[in-house]
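Tertiary structure, described
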Number of protein chains: 4
Amino acid sequence: MSRLLSRRLPLRALLHARPAPTTRTYASTSPVSQFNWEDPLASKNLLTEEELAISETAERYCQEQLLPRVLQAYRDEHYDPKILEEMGELGLLGATIDGYGCAGVSTVAGALITRAVERVDSGYRSSMSVQSSLAMGAIHDFGSVEQKEKYLPEMAKGKLIGAFGLTEPNHGSDPGSMEAVAREHPQKKGYYLLTGSKTWITNSPIADLLVVWAKLQTTGKIRGFLVDRKQCPAGTLETPAIKNKTGLRASITGMIHLEDCPVLKENMFPEVEGLKGPFTCLNSARYGIALGVMGALEDCIDRARTYALERKQFKGNPLAKYQLIQKKLADAATDAAYGTLAAIQVGRLKDQGKATPEMISMIKRQNCDRALHNSRVLQEIFGGNAVSDEYMVGRHVANLYVTQTYEGQSDIHSLILGRAITGVQAFV
Amino acid sequence: MSRLLSRRLPLRALLHARPAPTTRTYASTSPVSQFNWEDPLASKNLLTEEELAISETAERYCQEQLLPRVLQAYRDEHYDPKILEEMGELGLLGATIDGYGCAGVSTVAGALITRAVERVDSGYRSSMSVQSSLAMGAIHDFGSVEQKEKYLPEMAKGKLIGAFGLTEPNHGSDPGSMEAVAREHPQKKGYYLLTGSKTWITNSPIADLLVVWAKLQTTGKIRGFLVDRKQCPAGTLETPAIKNKTGLRASITGMIHLEDCPVLKENMFPEVEGLKGPFTCLNSARYGIALGVMGALEDCIDRARTYALERKQFKGNPLAKYQLIQKKLADAATDAAYGTLAAIQVGRLKDQGKATPEMISMIKRQNCDRALHNSRVLQEIFGGNAVSDEYMVGRHVANLYVTQTYEGQSDIHSLILGRAITGVQAFV
Amino acid sequence: MSRLLSRRLPLRALLHARPAPTTRTYASTSPVSQFNWEDPLASKNLLTEEELAISETAERYCQEQLLPRVLQAYRDEHYDPKILEEMGELGLLGATIDGYGCAGVSTVAGALITRAVERVDSGYRSSMSVQSSLAMGAIHDFGSVEQKEKYLPEMAKGKLIGAFGLTEPNHGSDPGSMEAVAREHPQKKGYYLLTGSKTWITNSPIADLLVVWAKLQTTGKIRGFLVDRKQCPAGTLETPAIKNKTGLRASITGMIHLEDCPVLKENMFPEVEGLKGPFTCLNSARYGIALGVMGALEDCIDRARTYALERKQFKGNPLAKYQLIQKKLADAATDAAYGTLAAIQVGRLKDQGKATPEMISMIKRQNCDRALHNSRVLQEIFGGNAVSDEYMVGRHVANLYVTQTYEGQSDIHSLILGRAITGVQAFV
Amino acid sequence: MSRLLSRRLPLRALLHARPAPTTRTYASTSPVSQFNWEDPLASKNLLTEEELAISETAERYCQEQLLPRVLQAYRDEHYDPKILEEMGELGLLGATIDGYGCAGVSTVAGALITRAVERVDSGYRSSMSVQSSLAMGAIHDFGSVEQKEKYLPEMAKGKLIGAFGLTEPNHGSDPGSMEAVAREHPQKKGYYLLTGSKTWITNSPIADLLVVWAKLQTTGKIRGFLVDRKQCPAGTLETPAIKNKTGLRASITGMIHLEDCPVLKENMFPEVEGLKGPFTCLNSARYGIALGVMGALEDCIDRARTYALERKQFKGNPLAKYQLIQKKLADAATDAAYGTLAAIQVGRLKDQGKATPEMISMIKRQNCDRALHNSRVLQEIFGGNAVSDEYMVGRHVANLYVTQTYEGQSDIHSLILGRAITGVQAFV
């Protein structure tokens, strides 16, 4: 049994108590001999009892605690950092990490958490992914024992917020051309000076600890640095928020400007060099996105189905009776079911050491593309009413566009796959 | 020469002066023997000199006066009613109406104006369409001479704002089932009492004059009423705004609640009965949308092309050099060119009395669908940057979704076309 | 170990000998830590050793024995009945049936066989599916012990060819309206007289035993009859071939005309009534199609990839270097990988008694749709050369169109899914 | 009045007599105030009386003379050269050429002829296009007066069959890399020796006169040569047919093998050098294809509509009553209407000297793509019955695939357009 279940966390209590039934029966254990539109190909059949329990806990938290506040947060472009603390209390942060106060659950279980969060909002999921997969993941995979022990436990509790600085304003899809640089401090021994700008950095304005990738001047190689905000002298670190976003408005996004910011040498990841470091982290984050976006799609299906059953037009027939409506629902349910199976498969392979980055490119690309496409088609069921944000689906549509573009824009993943299939690269 | 050009309006001055070159060269008269990506199939070749001049005037106004304020208006969900006055001063309102202070231009010229406005924002165009095609159009087509003389000249100046109340909360695609009713005033002779609710009514919160369709209780037939706000006793007319929209945020949308609102019998359209009235108006408005949305699409093409040429990735190549990018641009330019030709053709037929409602269903459906689809594909060119509203394309995407749903949701038009093609109806 | 592996069949020898390596390495056991474009999401990881061995045997037979003759067979619209005998010798017919000389392998293993056959040609697979899933399946599921013992062993050997008569000329998607009827023989006791017509019946012109569904006159209920050709008096059974087909030309298709054909009462299935009988059989056949068409798609990917690597245009670059080409390959590989996983999942559920017909509708519809779509897109890679039938892909495209239409046309399955999702039917 | 109408041709008689009404009423002059599904946007309104008459003549010939023989011809992969003679008698060959026995009609009129032919079969149209646009067009545009006078009149009569040899086996989309070469005859003065191979050459096996493009050895520049079959010594010219095609089987396609074939120097086009020559001819042919394929699509619409009205499923409803069917018809009719308008527009521009090659790329690409796409979707309406070639639509589908690939494969035209839009080329 994983620590997520064994350690003394509210999760445990929730799991044993399970008092009142919630409206969402997603993870209920109904017999699958009947077709279940919420899980058309019975993917639950592939999950362990523990994974089902984790999923249910996460779903319950998200539906009960996150859903009620998302509409206003999205309108106001506001992110409440307390959310990470709440998630931390439930053991949802860095959940696949073993040790350092983390739950040590399976890769699939970790992604079931992202799915639960993204069923509410991709922005909330983004914030959690950055904390878990990118910031904590980087430290876990590449940090020294001291770095891990110092930062991971607090991050697992959501009391220390992380960010991950890779993308630069002029190098979105091509991080190898980054301009950020770390040079030896000319005066202070044991320090580097970091200079450079990162953009579209989730959590950056509220982050306590920023994992920043920069080229070490002496070698020209990319290295990872832990920039601890409270250690940065005034004027050396700025993390302005990017406002007026057209999507992911319930998460906070910003830039990172470093200007001769002194960073202790022991805050550099000891060994990893080049793009291997950030790409490993992105790989984990992308995996979480692949199952995560299925949550957003499933929520769109749920809401569109309900609307189609309740909304009557032409002689009192519900929209659900019209063939053009049924086809939209059938297509979306199919893509949700297929995408879920593919993500579970890759998760299992990942735990067996058999998942390759191209597999993750494939499921990240396809699941984001299909989630976006189907959410848009489902939105049509709402007709003009979708313009009201209270129907939620417009928010998912706007969010899912962003998921298609970040951590590898869809076309970039197409070319990664094309290269893997043909052995020939077509980037330039 | 039409009145738009002959009467003493700033338009005239603009036409003759044409001083400083603007950045947009859309309506410039370059020889078409070269391929012009802004007008790939040389649709300008089909326009008269007068139409070209009207188009250029409208484009200039929109680019110079509307574009600078749209971003903030959209953010704030604010519509400045002064815009209608500005448009009125230029003769852009009700422009296809002959007389009553209107310009009397061709149907195509009228649509070139909507295209110019929608190149900036579909919300601005919606507001203008409601004023011109729906409110003024209804009065012109079905009003008594007294009604026309009383209202049209002020509306043409943009000093009297109109709205058009057809859609009800429970009857989006099926207006024949409307519940709004007009009954004889039990006490006051010469008055009807109107009761009912309309929703998704552009301009309603700021409208002075609301064209409201309701069933006359005595006959059960749908009739049109001019509800003059200043004549409505307190508590009989409410027009609350619908806020937190996911699109068309630069226009104002609201509801109309009428509760025993007394309306003078001479404010009823004298003859038109049934859905013929509202459908005639919608037909004109839909026509304007068909060419209008091409403006929004063209703006997306323009912005995406510029971005693709300026943004460099992978060894300094502009995005424009990548095949996957070029295909997106080629597809969008093709749909814009085709949609423009189709709209011009139907406009010509309309002026010849040969356009049928099904033709307008066809071009409204197809042009909205393709504008929406291509704007989304073009958005991909911006990658994550599209999340910043300053790139404008996300706003077009959100707006175009709405155009696809209003004045006949796309699927409804499919079924109208299907019925016209097969002779069999498939609505129920 | 299943009988397919244990009994003394050439299969066994093949499995142990495995002499010369074939060009196709599909089922080779390379480590999956590298991305394998032939199995991008490592679906082999989900298969048992036995299933892998069965797959390899089937693939080998198909590539070595079927592939060399398909081109001419397709051109000549000729089906060689010897093929069924060959398949019978290898234990490939009715392979999921336990007993009666059949191999008793898993549902997934059975479908791996169909995939291997369909990698060569959907027509060959159709012929095998009819024999295995429809004819043998019907007898196995609904026949009396005597019927099973009499027919199944010979059918398993491919020496007795079966057909399945359900579809009628006027009732393609709506078999419940069938007109075929069985009435008591007015003179001969113990006999029914069957009258009716069936169309698009694979194998009918060469079938020895035809499973025919007809309404029993006395009850009006649909029942199944085993029409044994050699027992039919002259003039009571005609099975003319349908020629000049635009697809599936390597299989033979025909009609069944029965005119007062006397059939022994003990040749009626003893119990099953209504559409349950044929639908159960179709369900199994559809399952086989769902994985089968992935074989055809994978062959298209393989051939398109090879062509793209070998064909050079513009300064000697292989087509494989072009982004537009790479996207086609990436999309197709993704759909093949996803469809394969979904089919394996449903196969496992089927063996656990947890698969519902709607699940099979989902994977049959989606996999056929995607196989067809992608095969068409891949065909574009060949440019004009695809017009030569020697590139094979045009044949797959033509075949896959048919798979999309038979055993439930795609739209019909959409409505089955729509009904399952909404609880509302939209057929009429 | 053009010569097509004024000279003494059977066409004239047909035009005046117009005896029995045919079933097809395509070009009838019904008032367009009603929606006409055969011409949804009233494109006929844009045609002159003469063009309407030419269209009607061509349609009548094609429906009466070509349609009855196409099914068998396609099955047998047989092309009857008498067809060109029949077309010649009606003045349909090289119709846009002024003089030399040609009709001298407008560009649009010429394309209306191709549309009429392609309504029956794209193969028949291909054969005619090669004769008219490629072979006669090349001679007319680039030939000396002697060449024109010698060949054009006989070609216009269809008594001398032409072919056009540009594409080589290894250079499909990149003709600039051609390997065919013309060198000075080492012995015979006044002769070149031509060596090289061309493939996918429509009409080549039956052609009397082959326009062959080859590099002149002395300059390295591409030049055009008239290879007169009857002047070629045995063994220097071979034109084997390519058999077993998957499309365009009613036309004959072959290769051209030249081995030291002596060609008179006066048979070289006097001036044109480089790709300008062949590209000019292709431009004209492509234009004809753009409107031509609309004929094939319209035939698919017509046949699918009829089938949908006649075929009944589920309680006796015609397929035409189902929403999913109606959408297919609506989409196809829209694309046919839009494509027709675009082609007419470019035809008018061409006659005004304002059409650019990119415009023709746009309409060739889009109309072929949409014709192919919609024909496939319409094929779905026929369900399994489409497998019978007697429903005709499968033949159109197979043919239209080829039209998408020849004279510029769709993706190549995308890149031509992309280059025109961005100014950046993405071919390599």
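Here the structure is a predicted model, which is why all the values come from computation and not from measurement. (Residues numbered from 1 in each chain as written. Chains lettered and ligands numbered in written order. Predicted model: local features only at pLDDT ≥ 70, side-chain atom pairs only at ≥ 80, totals over all residues. Heavy atoms only, no water.)

The subject of this paragraph is the overall build of chain A. Counting secondary structure elements, chain A contains twelve helices and eleven strands. For the C-alpha atoms alone, the extent of chain A along its principal axes is close to 80 × 50 × 45 Å. Here chain A holds 428 residues, and 66% of them are scored as buried. Sequence-distant contacts, at least 24 apart, represent 75% of the contacts inside chain A between residues at least 6 apart. Summed over its atoms, the accessible surface of chain A is roughly 14,300 Å², and 51% of this surface lies on carbon and sulfur atoms. Charged side chains of chain A number 50 positive and 47 negative; the gap between the two group centres comes to 2 Å. (Helix = DSSP H or I, 4+ residues; strand = E, 2+ residues; numbered from the N terminus. Buried < 20%, exposed > 50% of the residue type's maximum accessible area, 1.4 Å probe, protein only. Contact = heavy atoms within 4.5 Å. Areas by Shrake-Rupley, 256 points an atom, 1.4 Å probe, with all protein chains shown as cover. Lys, Arg positive; Asp, Glu negative; His and termini not counted. Charge placed at Lys NZ, Arg CZ, Asp CG, Glu CD.)

All chains considered together, the criterion is met by 104 salt bridges over all chains. Notably, a salt bridge pairs Arg119 of chain C with Glu298 of chain C, separated by 2.9 Å at the nearest N-O pair. With Arg119 of chain C in helix 5 (residues 107-120) and Glu298 of chain C in helix 8 (residues 276-310), this pair connects stretches of sequence that are 179 residues apart. Residue Glu86 of chain D pairs with Lys82 of chain D through a salt bridge whose shortest N-O separation is 3.6 Å. With Glu86 of chain D and Lys82 of chain D both in helix 4 (residues 82-89) and four residues apart, the pair spans about one turn of that helix. Overall, Glu86 of chain D belongs to the buried group, its relative accessible area being 14%. The partly exposed category is assigned to Lys82 of chain D, whose relative accessible area is 47%. If you follow the salt bridges from partner to partner, you end up with Glu59, Arg115, Arg119 and Glu298 of chain A in one network. (Salt bridge = Lys/Arg side-chain N within 4 Å of Asp/Glu carboxyl O.)

Moving on, we get to the relation of the copies chain C and chain A. In the superposition of chain C on chain A (RMSD 0.0 Å, axial shift 0.0 Å), the rotation amounts to 180°. In short, the pair behaves as if placed about a two-fold rotation axis. Within chain C, the C-alpha atom positioned nearest to the axis of rotation is that of Tyr338 of chain C, 3.1 Å from it. Take the interface residues of chain C: 100% of them recur as interface residues in chain A, which is what a same-surface contact looks like. (Least-squares fit on C-alpha atoms with pLDDT ≥ 70 in both.)

Residue and element names in this part refer to chain B. With their axes 9 Å apart at the nearest point, helix 10 (residues 357-381) and helix 12 (residues 410-422) run at an angle of 140° to one another. The hand of the helix 10/helix 12 crossing is left-handed. Facing helix 10, whose interface residues are Glu358, Ser361, Met362, Lys364, Arg365 and Asp369, helix 12 presents Ser410, His413, Ser414, Ile416, Leu417 and Ala420. Residue composition of the contact of helix 10 with helix 12, grouped by class: four nonpolar, four polar and four charged. (Axes fitted to C-alpha atoms, helices over the stretch in contact; angles between N-to-C directions. Left-handed = near helix turned anticlockwise from the far one by under 90°. Nonpolar A, V, L, I, M, F, W, Y, C, P; charged D, E, K, R; others polar.)

This part takes up the interface of chain A and chain D. Contacts between the two partners involve four residues from chain A and, on the opposite side, four residues from chain D. Interface area, chain A with chain D, both sides summed: about 450 Å², of which 66% is carbon and sulfur. Taken together, the connections running from chain A to chain D amount to zero salt bridges. Linking chain A with chain D are three residue pairs in polar contact (both at pLDDT 80 or more). Classifying every residue of the side of chain A that touches chain D gives two nonpolar, one polar and one charged. (Buried area = accessible area lost by both parts, 1.4 Å probe. Polar contact = N/O pair within 3.5 Å; in protein donor to acceptor, adjacent residues only side chain to side chain.)

When chain A is fitted to chain D, the best match, at an RMSD of 0.0 Å, comes from turning it 180° and sliding it 0.0 Å along the axis. In this assembly the copies share their binding face: 100% of the residues contributing to the interface of chain A also contribute to that of chain D.

Residues and elements named next belong to chain B. With respect to burial, strand 6 (residues 209-216) is a largely interior element, seven of its eight residues being buried. Across four bridges, strand 3 (residues 162-165) lies against strand 6 in parallel orientation. Bridge pairing links Phe164 to Val211 in strand 6. Where strand 4 (residues 181-184) and strand 6 come together, two bridges link them in parallel fashion. (Pairing = 2+ DSSP bridges.)

Residue and element names in this part refer to chain C. One can find Phe279 in helix 8. Given the relative accessible area of 37%, Phe279 is considered partly exposed. Sequence separation between Phe279 and Glu407 is 128 residues, and the spatial gap between their C-alpha atoms is 9.6 Å.

Bringing the packing of aromatic side chains into the picture now. The description of two aromatic rings rests on the distance between their centres and on the angle between their planes. Tallied over the entire structure, the rule returns 32 aromatic pairs over all chains. Between Tyr307 of chain B and Tyr391 of chain B, the ring centres sit 5.5 Å apart and the planes meet at 90°, which makes this aromatic pair edge-to-face. Highlighted residues: Tyr307 of chain B in helix 8 (residues 276-310) and Tyr391 of chain B in the loop between helix 10 and helix 11 (393-405), separated in sequence by 84 residues. Owing to a relative accessible area of 31%, Tyr391 of chain B belongs among the partly exposed residues under this scheme. The ring of Tyr74 of chain D carries Arg249 of chain D above its face, with NZ or CZ at 5.8 Å from the centroid. (Phe/Tyr/Trp six-rings, centres within 6.5 Å; stacked < 30°, edge-to-face > 60°. Lys NZ or Arg CZ within 6 Å of the ring centre and 35° of its normal.)

For the rest of this paragraph, the subject is the confidence of the model for chain A. Residue and element names in this part refer to chain A. Taken over all residues, the pLDDT of chain A has a mean of 91, while the share at 70 or more is 93%. This model gives residues 1-32 a pLDDT under 50, and the stretch forms 67 contacts once residues within four places in sequence are excluded. Here the predicted complex carries an ipTM of 0.92, next to a pTM of 0.93. (pLDDT = per-residue confidence, 0-100.)

At Leu248 of chain C, a residue that is not glycine, the phi angle is positive and equals roughly 50°. Judged by its relative accessible area of 4%, Leu248 of chain C is buried. Not every positive phi belongs to a glycine, and Asn244 of chain D is a case in point at roughly 60°. Looking at the secondary structure, you find Asn244 of chain D in the loop between strand 8 (237-238) and strand 9 (253-264).

The next subject is the pairing of strand 5 (residues 191-202) of chain A. All names here are of chain A. Alignment of strand 4 (residues 181-184) against strand 5, held across four bridges, turns out to be antiparallel. Considered in strand 5, the bridge of Val181 is made with Thr195. The antiparallel hairpin formed by strand 4 and strand 5 contains six residues in its connecting segment, where Gly190 sits at a positive phi of about 80°.

With that settled, the discussion passes to the interface of chain C and chain A. With 58 residues of chain C in contact, the opposing surface of chain A contributes 58 residues. Across the chain C/chain A interface, buried area totals approximately 4,800 Å², and carbon plus sulfur atoms make up 64% of it. On the chain C side of the contact with chain A, Phe35, Tyr338 and Ile421 of chain C bury the most area, a combined 16% of that side's loss. One can count two salt bridges joining chain C with chain A. Residue Arg365 of chain C pairs with Asp331 of chain A through a salt bridge whose shortest N-O separation is 2.8 Å. Taken together, the connections running from chain C to chain A amount to 26 residue pairs in polar contact (both at pLDDT 80 or more). Breaking the side of chain C that touches chain A down by element, the ones donating at least two residues are helix 8, helix 9 (323-351), helix 10 (357-381) and helix 12 (410-422) of chain C.

Turning to helix 4 (residues 82-89) of chain B, a few remarks are in order. One turn of the α-helix equals 3.6 residues, which is why residues spaced by three or four share an orientation. For helix 4 of chain B, the set of buried residues is Ile83, Leu84, Glu86, Met87 and Gly88 of chain B. Looking at the buried residues of helix 4 of chain B, the elements they touch are helix 3 (49-76), helix 5 (107-120), helix 6 (122-142) and helix 7 (145-156) of chain B.

Further remarks concern the packing of helix 8 of chain B against helix 9 (residues 323-351) of chain B. All names here are of chain B. Running from N to C, helix 8 and helix 9 point in directions that differ by 155°, and their axes come no closer than 9 Å. Here helix 9 runs roughly antiparallel to helix 8, going by the angle between their axes. The interaxial crossing formed by helix 8 with helix 9 has left-handed handedness. Residues of the contact of helix 8 with helix 9, tallied by class, amount to 15 nonpolar, four polar and four charged. (Parallel < 35°, antiparallel > 145°, perpendicular 65-115°, else oblique.)

Turning next to the environment of Leu372 of chain D. Residues and elements named next belong to chain D. Here Leu372 lies in helix 10 (residues 357-381). Along the sequence, Leu372 and Ala296 sit 76 residues apart, while their C-alpha atoms lie 9.2 Å from each other. Apart from residues no more than four positions distant in its own chain, Leu372 is found in contact with Val397, Leu400, Tyr401 and Gln404.

Grouped together as the largest cluster of nonpolar side chains are 268 residues, with contacts concentrated most on Leu41 of chain A, Leu41 of chain B, Leu41 of chain C together with Leu41 of chain D. With sequence-adjacent residues up to four places away left out, Leu41 of chain B is seen in contact with Ala337, Tyr338 and Leu341 of chain B together with Ala342, Gln345, Val346, Leu349, Met359, Met362 and Ile363 of chain D. (Core = buried A, V, L, I, M, F, W, Y, C linked by side-chain atoms within 4.5 Å.)

What follows deals with the side chain of Thr239 of chain A. Considering the arrangement of structural elements, one finds Thr239 of chain A in the loop between strand 8 (237-238) and strand 9 (253-264). Classification of Thr239 of chain A by relative accessible area gives buried; the value is 11%.

Right, let's talk about the state of the cysteines for a bit. Scanning all chains against the criterion turns up zero disulfides over all chains. Residue Cys368 of chain A stays outside any disulfide, its sulfur separated by 13 Å from that of Cys300 of chain A, the closest cysteine. On the accessibility criterion, Cys368 of chain A (1% relative accessible area) is buried. As a non-bridged cysteine, Cys261 of chain D has Cys232 of chain D as the owner of its nearest cysteine sulfur, 3.5 Å distant. (Disulfide = S-S within 2.5 Å.)

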